[in-house]
Each structure stands twice: as C-alpha cells, then as structure tokens.
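# Structure at a glance
One-letter residues, chain by chain:
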Amino acid sequence: MGIVTVNGIDLAYEIHGDDDGLPLLMIGGLGQQLVGWHPDLLAALARRGYRAIVFDNRDVGLSTHLDHLGRPDLGAIIAGRFDLAPYGLADLATDALGLLTALGVESAHLLGLSMGGMVAQIAALRSPERVRSLTSVMSHPGDHRVQPTPEAIGLFLRPAPEDVEQSVLAAHEAHRVLGSPEFAPDEAWLRRRAEIYWDRRASPDGVLRQVAAVLSAPDRTAELAGLRPPTLVVHGGADPLVPVIGGRLTAAAIPAAELLEIDGMGHDLPRQVWDRVLDKLEDVVDRGEAPRRPLAAAS
C-alpha cells in the first residue's frame, strides 16, 4: 500500500497485478474502502492481465478524512440546498484522475461501483483522453427519478456502530437489505470486511459527506450523450438502493453503451456473477485498447 497527496488530500492506494498489465482504476462506492474489493476478485483480474489500482476515496479508510467540514444537513440538501454539500462528485473525480497522474499512468480503463460509477462517468466526461474504457456498475446518470426503496433509505438513518461487533451486525443487516436475493452470501467475508473497515478507521460522518455529494450532483444525462470511450453498464435486476432503471438510463444516455443486466443481483457484486462481468469487461477493454494497437505496432 502507498499514500500520495492529490488535490490537497492524501489518498491511500494498492496495486494488484503485474507492472505491464492493463491499467484498471477501480473506484469504490459509498463508504467502500480499498479492502472492500474481494481479494479473490482482484486476483482474478490480475490473472486476466490487469494492473488493478484500488484506493480509499476521501473520507474513508486511510485517506484524508475531512472532519473539519462536519456532518452535512442531508435534509436541507434533499430539499434543494445543494450548496450545503461539503464537496461534490467532481472533486472525487479530480481525486481519481490525480491518483493516476501521481502513479505515472497517462490513461486507464475505469471501473466504478455505485457512487464510484458516477465518479467514473464524470472523470470520463472531464478527461476523455485519459479514459480508455468505462465500466459503470450499479450506478445511474444523476437522474433524480432513480430512488431507493424506503428500507434501503432506512440503512442511512441507523445510529452509527460504536464498536466492531456492532459494525459487523450493521454489515450483515445492510447485506440483508441490499444484497442479491438469488445468490448465497459469503458470510465469512461480510464479517471479515466489517472488521477490517473498523480497524482502518470507519467514519460515519465521512460517509454522510459522500452521500451529500451524490444528492447534490446535477443530472449528467445530456452530457453523457457526448461520451465516446467504449462503455459497459452492469446492473442487478433486484437492486433496492439504485433500482435497475438507473442502469438502463445510463446505458440509454451513452452512445453504443452495452448493458449487462443480471437477474437476481442486488446492490452488491456476488462471486457467482464475477465471470460474467469479467468476460464483458474484457470485451469493453479490448475495444478501448484497439486505437492503441497501431501505435504499439509502429514502435
């Protein structure tokens, strides 16, 4: 693991795979730490020839926590006071692109999960020359018609865990509400991930600041019509936090985007769907690499 200073904050990161692998920047969702990517998934990506870069977004894990910004007034933000959000998704996109710069990576394939998918979309819009391909998973284009179920919203209204065991219980409850109903959960991983999150500085207020960034983000639908990198959109048909219409709207907004809709998948990425997703990822990455091959051959 390393730490670099980017956009005025420290970002903790890890790299998985060979140095000459295809660069794949993986942007996590709300509250997701870099250790939230299953190690077996990262190993599978490395075997497929990727150099997977994972990192803690601002306000989680070992990256900078902006505690001086306080707890956001989500009620006021929902009511339209977007100016009260401590920062925006565009700031997270600047962080992600800055990490690539700090690592000496001129361009990369981007894979974003949930909030990370939104950040990846913005990064591709802001710096298309640095994005070889885009994969947006369980995300949406900022269309505020995409609304979570009441039970999913309730997860954000719970009291914050006060110790590691409460954190584990909260993780299991979140999976009960958000997880894939058609696929058996990895109970041991849910516990272990919650324990690691706690040890690496869980930050409920930091997650709420990320929520504020999502809530205050403008609709990107019109802008996405100009997006040109090869794009894959992945979404679960049983997602209660970002209902499947979010994926459909994303795919419809981006020219030539391919939609992989997985029945029975919720707001998670269960092991049982990894091969399907990675096969499709391989396709979109291959399209993204196509313009680079003549240059490689000429050299």
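Note that this is a predicted model, so its numbers are computed, not measured.

## What to know about helix 10 (residues 245-253)
- Restricting attention to buried positions, one finds in helix 10 the residues Gly 246, Gly 247, Thr 250, Ala 251 and Ala 253. Buried residues along helix 10 cover an arc of 165° about the axis, so they all sit on one side.
- As for helix 10, its buried residues are in contact with helix 4 (115-126), strand 6 (131-137), helix 9 (221-224), strand 7 (231-236) and strand 8 (258-262).

## Focus: the pattern of salt bridges
- This model, assessed by the stated rule, comprises 20 salt bridges.
- The partner of Glu 289 in a salt bridge is Arg 132, and the shortest N-O contact between them spans 2.8 Å. Residue Glu 289 is located in helix 11 (residues 274-289), and its partner Arg 132 is located in strand 6; the two are separated by 157 residues in the primary sequence. Each member of the pair, Glu 289 together with Arg 132, is buried.
- Close ionic contact of Arg 192 with Glu 195 constitutes a salt bridge, the shortest N to O distance being 3.8 Å. On the criterion of helical spacing, the pair formed by Arg 192 and Glu 195 is a turn pair, its members being three residues apart in helix 7 (residues 187-199).

## Structural notes on the UniProt feature "domain: AB hydrolase-1" (unreviewed entry) in the protein
- Here the UniProt-annotated "domain: AB hydrolase-1" (unreviewed entry) positions come out as residues 23-268.
- With 40% helix and 14% strand, residues 23-268 has end C-alpha atoms that lie 23 Å from one another.

## Let's talk about the nonpolar core
- Ranked by size, the top nonpolar core spans 41 residues in total, and within it Leu 25, Phe 55, Leu 89, Leu 99 and Leu 110 carry the most contacts.
- If we ignore the near neighbours within four places in the chain, the residues touching Leu 99 are Val 4, Val 6, Leu 11, Tyr 13, Leu 25, Ile 53 and Phe 55.
- Counting residues in hydrophobic clusters, the runner-up holds 32 residues, among them Trp 37, Ala 44, Leu 45 and Met 138.

## A few points about the sheet that holds strand 8
- Strands sit in the order 1-2-4-3-5-6-7-8 across an open sheet of eight strands; the sheet is mixed. Strands with a single pairing partner mark the edges of an open sheet, and in this sheet they are strand 1 (2-6) and strand 8. Direction aside, the axes of adjacent strands within the sheet are offset by 25° on average.
- Alignment of strand 3 (residues 22-27) against strand 4 (residues 50-55), held across five bridges, turns out to be parallel. Note that in strand 4 the partner of Pro 23 across the bridge is Arg 51.

## A closer look at the packing of aromatic side chains
- On inspection of all chains with the given rule, the structure shows zero aromatic pairs.
- Across the ring face of Tyr 87, the terminal group of Arg 58 is positioned such that the distance to the ring centre comes to 4.8 Å.

## Quick notes on the side chain of Thr 135
- With respect to the helices and strands, Thr 135 occurs in strand 6.
- Given the relative accessible area of 0%, Thr 135 is considered buried.
- Among residues more than four places away in sequence, those in contact with Thr 135 are Leu 110, Leu 111, Gly 112, Leu 232, Val 234, Leu 281 and Val 284.

## What about the pairing of strand 8?
- Alignment of strand 7 against strand 8, held across five bridges, turns out to be parallel. Bridge pairing in strand 8 places Leu 232 opposite Glu 258.
- Read as a crossover between parallel neighbours, the route from strand 7 over helix 10 to strand 8 is right-handed.

## Digging into the side chain of Arg 58
- The topology assignment puts Arg 58 in the loop between strand 4 and helix 2 (74-78).
- Arg 58 sits in the buried class, given a relative accessible area of 6%.
- For Arg 58, the side chain forms a polar contact with the side chain of Asp 95, separated by 2.7 Å.
- When residues no more than four places from it in sequence are discounted, the contact partners of Arg 58 are Asn 7, Ile 9, Leu 11, Ser 63, Thr 64, Leu 66, Tyr 87, Asp 91, Leu 92, Asp 95 and Gln 210.

## Quick look at the packing of helix 3 (residues 89-102) against helix 4
- Their axes nearest at 8 Å, the elements helix 3 and helix 4 cross at an angle of 75°. With respect to their mutual orientation, helix 3 and helix 4 come out roughly perpendicular. Residues Leu 89, Ala 90, Leu 92, Ala 93 and Leu 97 of helix 3 touch helix 4, and the partners they reach there are Met 115, Met 118, Val 119, Ile 122, Ala 123 and Arg 126.
- The residue makeup of the contact of helix 3 with helix 4, split by class, is ten nonpolar, no polar and one charged.

## Regarding the environment of Val 60
- Position of Val 60 among the secondary structure elements: in the loop between strand 4 and helix 2.
- Judged by relative accessible area, which is 4%, Val 60 ranks as buried.
- Non-local contacts of Val 60, meaning those with residues more than four positions away in its chain, are made with Gly 31, Gln 32, Gln 33, His 65 and Gln 210.

## Description of helix 7
- The terminal C-alpha atoms of helix 7 lie 19 Å apart, and with 13 residues this matches the ideal 18 Å at 1.5 Å per residue to within 8%.
- Regarding helix 7, the residues found buried are Trp 189, Leu 190, Ala 194, Ile 196 and Tyr 197. Buried residues of helix 7, viewed axially, fall in a sector of 165°; they line one side. Exposed residues pointing more than 90 degrees away from the buried face of helix 7 are listed as Ala 188 and Asp 199.

So, how was this worked out
Counting starts from 1 at the beginning of each chain's written sequence and moves along it residue by residue. pLDDT decides what is reported in this predicted model: residues at 70 or higher carry local features, side-chain atom pairs at 80 or more are listed and counted, and totals for whole chains, interfaces and linings draw on all residues regardless. Side-chain calculation: all heavy atoms of the structure are included, whereas hydrogens and water are not. Type-normalised accessible area, obtained with a 1.4 Å probe on protein chains alone, sets the label of each residue: buried when under 20%, exposed when over 50%, and partly exposed for intermediate values. Helix and strand assignments come from DSSP, with helices taken as H or I runs of at least 4 residues and strands as E runs of at least 2, each series counted from the N terminus. Comment: arc refers to directions from the helix axis out to C-beta atoms. Working rule for contacts: check all heavy atoms of both residues, and any pair within 4.5 Å makes them a contact. Throughout this description, the term salt bridge denotes a Lys or Arg side-chain nitrogen within 4 Å of a carboxyl oxygen of Asp or Glu. UniProt positions are given in the numbering used here, feature names are shortened, and annotations may be inferred rather than shown by experiment. Think of a nonpolar core as a cluster: buried Ala, Val, Leu, Ile, Met, Phe, Trp, Tyr and Cys residues, connected wherever their side-chain atoms sit within 4.5 Å. The pairing criterion is simple: DSSP has to find at least two bridges between the two strands. Here, axes are lines fitted to C-alpha atoms. For helices the fit covers the stretch in contact, and angles between N-to-C directions go from 0 to 180 degrees. Stacked, tilted and edge-to-face are the three classes assigned to paired rings of Phe, Tyr and Trp, where Trp is represented by its six-membered ring and a pair needs centres within 6.5 Å; plane angles under 30 degrees give stacked, over 60 edge-to-face, the rest tilted. Note on geometry: a ring has a charge over it if NZ (lysine) or CZ (arginine) is within 6 Å of the ring centre and within 35 degrees of the ring normal. If you view a crossover with the strands going away from you and the path from the first strand over the helix to the second runs clockwise, you call it right-handed. Here a polar contact is recorded for every N or O atom pair within 3.5 Å, except that within protein the pair must consist of a potential hydrogen donor and a potential acceptor, and residues adjacent in sequence are included only if both atoms are side-chain atoms. Put simply, angles under 35 degrees are roughly parallel, angles over 145 are roughly antiparallel, angles from 65 to 115 are roughly perpendicular, and the rest are oblique. Gly counts as polar in this scheme, as do all residues outside two lists: the nonpolar Ala, Val, Leu, Ile, Met, Phe, Trp, Tyr, Cys and Pro, and the charged Asp, Glu, Lys and Arg. Here the expected length of a helix is defined as 1.5 Å per residue gap, with one fewer gap than residues.

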